[in-house]
Amino acid sequence: MVAKRIVVIYHSQSGTTRALAEAVTAGIALEPGVSWRLLRAMEAGIEDLRWCDGIIFGTPENLGYLSGGLKDFFDRTYYPAQRYQFNKPYGLFVSAGNDGSGAAAQLQRIVKGYPLKAIAEPLILKGELQPGALQQCRDLGQAVAAGLTLGIF
Ligand SMILES: Cc1cc2nc3c(=O)[nH]c(=O)nc-3n(C[C@H](O)[C@H](O)[C@H](O)COP(=O)(O)O)c2cc1C
């Protein structure tokens, strides 16, 4: 079986999304033979999308929108991605104060243009960082890793 590769691309201003992204990678690590990159959105680029078999995005909701850092990633990669027509599977988690739906909807609309295909409904985590949220992110990482390994996505 060919080892699968996942890139986790996130933006975080005050650290919550970063902690959740690290939990995602802890979940990926539970699946043998899967490698990953954990990247700040402003350091990620088109080569990371080419490298991977699947993507997990993480963003806070800021002012009803996805974070500026992740928007910058999409602004830089949207046109370069057109020639590749990736059609790769992606997962999404949103860290929000009390909503998160705006960020999720906007990201879902943007990635249709790459195109990327959703693995599951967005995981929206509201309020202060809780152990349960970290566990949900570990589960997300493990599920994506296992699904890629098994050829489900
Ligand atoms: C400028 C700003 C705008 C925000 N706007 C929203 C919002 O529209 N909806 C929401 O649910 N939370 C909002 N929040 C709360 C953040 O999404 C939440 O605190 C998140 O966990 C921060 O993630 P981070 O620590 O990774 O930056 C906002 C926070 C900031 C700083």
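Above this text is the structure in question.
Right, let's walk through the structure included here. Given the structure is predicted, the values throughout are model-derived calculations rather than measurements.

Further remarks concern the site of the ligand. In the vicinity of the ligand, 17 residues are found, and the nearest of them are Ser12, Ser14, Thr17, Glu61 and Ser95. Backbone polar atom of glutamine 13 to an oxygen atom of the ligand: 2.8 Å apart, as the coordinates give it. Between the ligand and threonine 17, the relevant distance is 2.6 Å, taken from an oxygen atom to a side-chain nitrogen or oxygen of the residue. Relative to its unbound accessible surface of 640 Å², the ligand loses 72% to contact with the protein. Secondary-structure elements contributing two or more residues to the shell around the ligand are helix H1 (16-28), strand S3 (54-62) and strand S5 (88-96). A total of three residues in the shell around the ligand trace back to one element, the largest contributor, which is S3. Of the residues belonging to the shell around the ligand, the class tally is three nonpolar, twelve polar and two charged.

To continue, consider the environment of glutamate 128. Residue placement: glutamate 128 occurs in the loop between strand S7 (123-126) and helix H5 (131-150). Note: C-alpha distance between glutamate 128 and asparagine 98 (30 residues apart in sequence) is 9.8 Å.

A separate point is the environment of glycine 97. Structurally, glycine 97 can be placed in the loop between S5 and helix H4 (101-111). Placed 65 residues apart in sequence, glycine 97 and proline 32 show a C-alpha to C-alpha distance of 34 Å. What glycine 97 contacts, discounting residues up to four positions off in sequence, is Lys126 and Gly127.

A separate point is the packing of H1 against H5. One can describe the packing of H1 onto H5 by two numbers: an axis separation of 6 Å at closest approach and a directional angle of 45 degrees. When the axes of H1 and H5 are compared, the pair comes out oblique. At the point where H1 passes H5, the crossing takes the right-handed sense. Taking contact as the criterion, the partners of Ala19, Leu20, Ala23, Val24, Ala26, Gly27 and Ile28 in H1 are, on H5, Ala133, Leu134, Cys137, Arg138, Leu140, Gly141, Gln142 and Ala145. Partitioning the contact of H1 with H5 into residue classes produces eleven nonpolar, three polar and one charged.

Cis rather than trans, the peptide bond between tyrosine 114 and proline 115 has omega equal to -10 degrees. Here proline 115 shows up in the loop between H4 and strand S6 (116-118). Unusually for a residue other than glycine, glutamine 85 sits at a positive phi of about 45 degrees. Along the chain, glutamine 85 falls in the loop between helix H3 (68-82) and S5. Of note in the backbone geometry, asparagine 87 takes a positive phi value of approximately 55 degrees without being a glycine. Structurally, asparagine 87 can be placed in the loop between H3 and S5. Assessed through its relative accessible area of 41%, asparagine 87 is described here as partly exposed.

What follows deals with H4. When we look at burial in H4, the residues that qualify are Gly102, Ala103, Ala104, Gln106, Leu107, Ile110 and Val111. Elements that come into contact with the buried residues of H4 comprise S3, strand S4 (65-66), H3, S5, S6 and S7.

One pass over the full model with this rule turns up six salt bridges. One salt bridge in this structure joins arginine 40 and glutamate 43, with 3.9 Å as the shortest N-O distance. Residue class for arginine 40 comes out partly exposed when judged on its relative accessible area of 45%. Judged by relative accessible area, glutamate 43 falls into the exposed class, the value being 57%.

Calculation notes
Residues numbered from 1 in each chain as written. Predicted model: local features only at pLDDT ≥ 70, side-chain atom pairs only at ≥ 80, totals over all residues. Heavy atoms only, no water. Near = heavy atom within 4 Å. Polar contact = N/O pair within 3.5 Å; in protein donor to acceptor, adjacent residues only side chain to side chain. Areas by Shrake-Rupley, 256 points an atom, 1.4 Å probe, with all protein chains shown as cover. Helix = DSSP H or I, 4+ residues; strand = E, 2+ residues; numbered from the N terminus. Nonpolar A, V, L, I, M, F, W, Y, C, P; charged D, E, K, R; others polar. Contact = heavy atoms within 4.5 Å. Axes fitted to C-alpha atoms, helices over the stretch in contact; angles between N-to-C directions. Parallel < 35°, antiparallel > 145°, perpendicular 65-115°, else oblique. Left-handed = near helix turned anticlockwise from the far one by under 90°. Buried < 20%, exposed > 50% of the residue type's maximum accessible area, 1.4 Å probe, protein only. Salt bridge = Lys/Arg side-chain N within 4 Å of Asp/Glu carboxyl O.

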